[in-house]
Amino acid sequence: MPELPEVETTVAGLRSVLEGTVLTRVEPRRADLRFPIPVDLRQRLTGATVTSLARRAKYGLIETDRGDTLIFHLGMSGRWRIDPAEIGAHDHLLLETSDGHLLSLNDPRRFGSLDLVRSDAWQAYAPFTRMGPEPLGPEFSAAYLARALQGKSTSIKAALLDQRIVSGLGNIYVCEALNMARISPTREAGRISRARLGLLTDAIREVLTAAIAAGGSTLRDYARPDGELGYFSKQWRVYGREGESCACGGVIRRRVDGGRSTFYCPKCQK
DNA sequence: ACACGATCCTGTAAGC
DNA sequence: TGCTTACAGGATCGTG
C-alpha cells in the first residue's frame, strides 16, 4: 500500500492522535516483522510522551521525550489502525495513549519493520545512510537526476525505484510520473535529455503532491475506527488500467519485469 | 561495480 | 462450489 504519499498521510493521521500524549501501554505482539523488533521497545516507550512525528522516505518516525525515536516501515501491507473494533492476528504492535486511544500497527505480510533509535542519531539509521534525496525536497532537481543517472544502463523505471537515487518512490507513482512526462519505462536511464529530466522531476513532484493532498482529504476515513477504508486516492492515469485508454488516446499496456508490473502507454511514452 | 531475479509472507481474486 | 494459481503499493540478498 504505502509509498511516500501514503506514509505522509499516515504520519499526519498519527500525529493528530499521538502528539502530546503519554504512551500508557506499549505491547509488541510478536518478536519480529521483517527484522527482529527491539527487545527493550516496551520498556523504553512505556510512560514516554510523544513529542513529534516525521517522515523520511517511506519510513515514519515517532519521537518521544526520552530521547528515543520509534521508526516504522509499512512494507507492502502495513497500516496503522486507530481504535480498531477488535485485535487480530496481524496486529503486531499496540499503543495506548493517555487520551484513551488504541493504535495498532497491522501488517499481514510482515514486510514492514519496527526499530528504535536515539533521536539525536536517527539520521545515522542504516537504511537512511545511503538513501537519495527526498523527491519533494530542495536537492531533487533535473541537475541532480542527470548526475545520479549518468552512465546508468538500467531502465529509468528501475532507476527511479532505487532508493539510493531518489527516496520514497514506489511502483505506482513511478508509473504515473513516467506517463505524465511521456517517458518510456524501458528507456535507458543514462540517456535521457536534460530537458526531459526536467519534465520528469516536475511530474514526480506533481503526482506526489496531488496524492498527498488526496490522502489529506480522506484523513477522516483513515482515522475511522474500522480503518477499513483506503486512505489514498485512486486517480491513476495508467496504474492498474491495462487495456483502458490513455489521455492521449493510446491503449495502456502492462509489462512485467522482475516480477513487477509496469503500466504505460506505448503511444505517448517514448 | 552493476544489473537482475529470487525471496520473505499472507490475503484476495481470477481461472478452471 | 471448490481447489489452484497469479499477483500485490518493498527492499535486500545472492548470483552472473
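In every chain, residue numbers begin from 1 and rise along the written sequence. Labels follow written order: the first chain is A, the first ligand is 1, and so on. This being a predicted model, a pLDDT of at least 70 is required before a residue's local features are given, and a value of 80 or more before pairs of side-chain atoms are given or counted; all residues contribute to the totals for chains, interfaces and linings. To get the side-chain values, take all heavy atoms of the structure and skip hydrogens and water.

Looking at an unreviewed UniProt entry, chain A carries the name Formamidopyrimidine-DNA glycosylase, with the source organism given as Sphingobium agri. UniProt positions are given in the numbering used here, feature names are shortened, and annotations may be inferred rather than shown by experiment. Its UniProt record gives chain A the following Subunit (unreviewed entry) comment, quoted word for word: "Monomer."

A. Local environment of the sheet that holds strand β3 (residues 59-64). Read from one edge of the open sheet, four strands run β2-β3-β4-β8, paired in antiparallel fashion. The sheet is open, and its two edges are formed by β2 (50-56) and β8 (113-118), each paired on a single side. In this sheet, neighbouring strand axes are inclined to one another by 20° on average, regardless of whether the strands run parallel or antiparallel. Here helix α1 (residues 4-18) sits on the sheet and contacts β2, β3 and β4 (68-73); the angle it forms with β2, its principal contact strand, is near 175°. Should DSSP find at least two bridges between two strands, the strands are taken to pair. Helix and strand definitions follow DSSP, with helices as H or I runs of at least four residues and strands as E runs of at least two, each counted in order from the N terminus. For helices, the fitted axis covers only the stretch in contact; all axes are lines through C-alpha atoms, and the angles between them, taken along N-to-C directions, range from 0 to 180 degrees. In what follows, residue pairs with any heavy atoms lying within 4.5 Å of each other are defined as contacts.

B. Just the pattern of salt bridges, in detail. For this analysis, a salt bridge means a side-chain nitrogen from Lys or Arg found within 4 Å of a carboxyl oxygen belonging to Asp or Glu. Within this structure, the stated rule accounts for 15 salt bridges. Arg44 is paired through a salt bridge with Asp68; the nearest N and O atoms lie 2.6 Å apart. Remark: Asp68 occurs in strand β4 and Arg44 occurs in helix α2 (residues 41-45); sequence separation between them is 24 residues. For the pair Arg44 and Asp68, one class covers both residues: buried. Note that Glu134 is salt-bridged to Arg56, the shortest N-O span being 2.8 Å. Note that Glu134 is positioned in the loop between α3 (126-129) and α4 (142-149) and Arg56 in strand β2, a separation of 78 residues in sequence. Burial classification: accessible surface area is computed with a 1.4 Å probe over protein chains only, and a residue below 20% of its type maximum counts as buried, one above 50% as exposed, and the rest as partly exposed.

C. Structural view of the pairing of β4. Counting buried positions over the six residues of β4 gives six, a clear majority of the element. The alternating pattern of β4 places Asp68, Leu70 and Phe72 on one face and Thr69, Ile71 and His73 on the opposite face, and all of these are buried. For β3 and β4, the ladder comprises five bridges, and the chain directions are antiparallel. Across the sheet, Gly60 pairs through a bridge with Phe72, a residue of β4. Hairpin connection of β3 to β4: three residues between the antiparallel strands, including Gly67 at a positive phi of 85°. Inspection of the sheet shows β4 paired to β8 by six bridges, in the antiparallel sense.

D. Quick look at the packing of aromatic side chains. Each aromatic pair joins two rings of Phe, Tyr and Trp (for Trp, the six-membered one) with centres within 6.5 Å, and gets the label stacked for planes under 30 degrees apart, edge-to-face for over 60, and tilted for any other angle. The final tally for this structure, using the stated rule, is eight aromatic pairs. When the centroid spacing of 6.4 Å and the interplanar angle of 55° are considered together, the rings of Phe140 and Tyr144 count as tilted. Each member of the pair, Phe140 as well as Tyr144, is classed as buried. Summarising the aromatic geometry, the rings of Trp236 and Tyr239 are spaced 5.1 Å apart at their centres and angled 80° between planes, so their arrangement reads as edge-to-face. Taken together, the ring pairs connect Tyr59, Trp122, Tyr125 and Phe128 into an aromatic cluster.

E. Spatial organisation of the protein's contact with DNA strand B. Here a residue is considered near a molecule or strand provided that any single heavy atom belonging to it is located within 4 Å of it. Neighbouring DNA strand B are Arg34, His90, Pro108, Arg109, Arg110, Phe111, Lys152, Ser153, Thr154 and Gly258. When the atoms of DNA strand B within 4 Å of the protein are sorted by group, sugar and phosphate make up 63%. A distance of 2.6 Å separates a phosphate oxygen of DNA strand B from a polar side-chain atom of His90. Here the residues of the surface near DNA strand B are counted per class, giving two nonpolar, four polar and four charged. The term polar contact refers here to a pair of N or O atoms within 3.5 Å; inside protein, the definition further demands a hydrogen-donor-capable atom paired with an acceptor-capable atom, and it admits residues adjacent in sequence only when both atoms are side-chain atoms. Under the convention adopted here, Pro, Cys and the residues Ala, Val, Leu, Ile, Met, Phe, Trp and Tyr are nonpolar, Asp, Glu, Lys and Arg are charged, and Gly plus all remaining residues are polar.

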